[in-house]
Amino acid sequence: MKKICKALTLTLCMIMILSVLTVAGDSDVKTILTLEEAKALALENDVQFKLQQSYINQKKEDYNIMSDNFNANRGVKAGTAAGKAEGRINNQVALENANYAVKQEIFNKNDLKRASDYNVTTAYYDVMKAKYTLENAQRAMELAQKDLEIADIKLAQGMITKNEHSQAENAYKASKTEYDAAFTSLTDKMKTLSKEIGKDLDVNKDDIDIKISIPDISKI
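Residues numbered from 1 in each chain as written. Predicted model: local features only at pLDDT ≥ 70, side-chain atom pairs only at ≥ 80, totals over all residues. Heavy atoms only, no water.

Caption draft 1: How the structure looks around the environment of A98. Note that A98 resides in helix α4 (residues 81-156). When the C-alpha positions of A98 and M66 are compared, they lie 8.0 Å apart, and in sequence the two are 32 residues distant. Residues contacting A98, with those up to four places away along its chain left out, are Y63 and M66. (Helix = DSSP H or I, 4+ residues; strand = E, 2+ residues; numbered from the N terminus. Contact = heavy atoms within 4.5 Å.)

Caption draft 2: Summary view of the nonpolar core. By size, the foremost hydrophobic cluster in this structure holds 23 residues, and its most contacted members are V120, Y124, L186, L193 and I197. Where this core is concerned, the elements lending two or more residues are α2 (35-44), α4 and α5 (162-197). The biggest single contributor to this core is α4, with nine residues. When sequence neighbours within four positions are dropped, the list of residues in contact with L186 reads V127, A130, K131, L134 and V203. (Core = buried A, V, L, I, M, F, W, Y, C linked by side-chain atoms within 4.5 Å. Buried < 20%, exposed > 50% of the residue type's maximum accessible area, 1.4 Å probe, protein only.)

Caption draft 3: Representation of the packing of aromatic side chains within the structure. If you walk through the whole model with that rule in mind, you get one aromatic pair. Between Y124 and Y125 the ring centres are 6.1 Å apart and the planes differ by 85°, which places this aromatic pair in the edge-to-face class. Classification of Y124 by relative accessible area gives buried; the value is 2%. The partly exposed category is assigned to Y125, whose relative accessible area is 26%. When the ring centre of F107 is taken as reference, the NZ or CZ atom of R114 above it lies at 5.3 Å. (Phe/Tyr/Trp six-rings, centres within 6.5 Å; stacked < 30°, edge-to-face > 60°. Lys NZ or Arg CZ within 6 Å of the ring centre and 35° of its normal.)

Written as structure tokens, this is what we have:
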């Protein structure tokens, strides 16, 4: 019985340890946002873009009603020939204007998408550039830190002067300042992208796809 209890206790401990490790592993995984996903999110959260479709539908409904009336009035024989001709012309002009109104609203919707895609793309690549800058700053800071650690050892052994050690120390401080500035810049760029897509992004939890792809103009 005691052996069974010990085995159960050991099993429970292992489960708890694995659970902790799993949670810790999951917390380190960042959510990757692609450029296309960012563009889609921006349109999904754009109230004006959503409303534009309702404007298109309304103009289409107006056109259909006018078209039905135009066809219904074709067989009307009342009135003079000149009057009927003028009426047909006026109806045709009105129908053409209604058709143009539909096209105009569709153009407006496409224009909203083009502007949104451009703004999101610009903000997205600004984040990408900020990430590269931060990575370079981090590498420089790590190298400066190693140089300082070596300088600490050499100073303790009397191999370098205090002035030389101060130079290494100042170089590390400067690299740390550069890193902090790069991190702040990345945070700001992420906020700009967040504003464009209508979703808050956390620089510590969210990431972007840093693969650079060449646009396919054949789809334009």
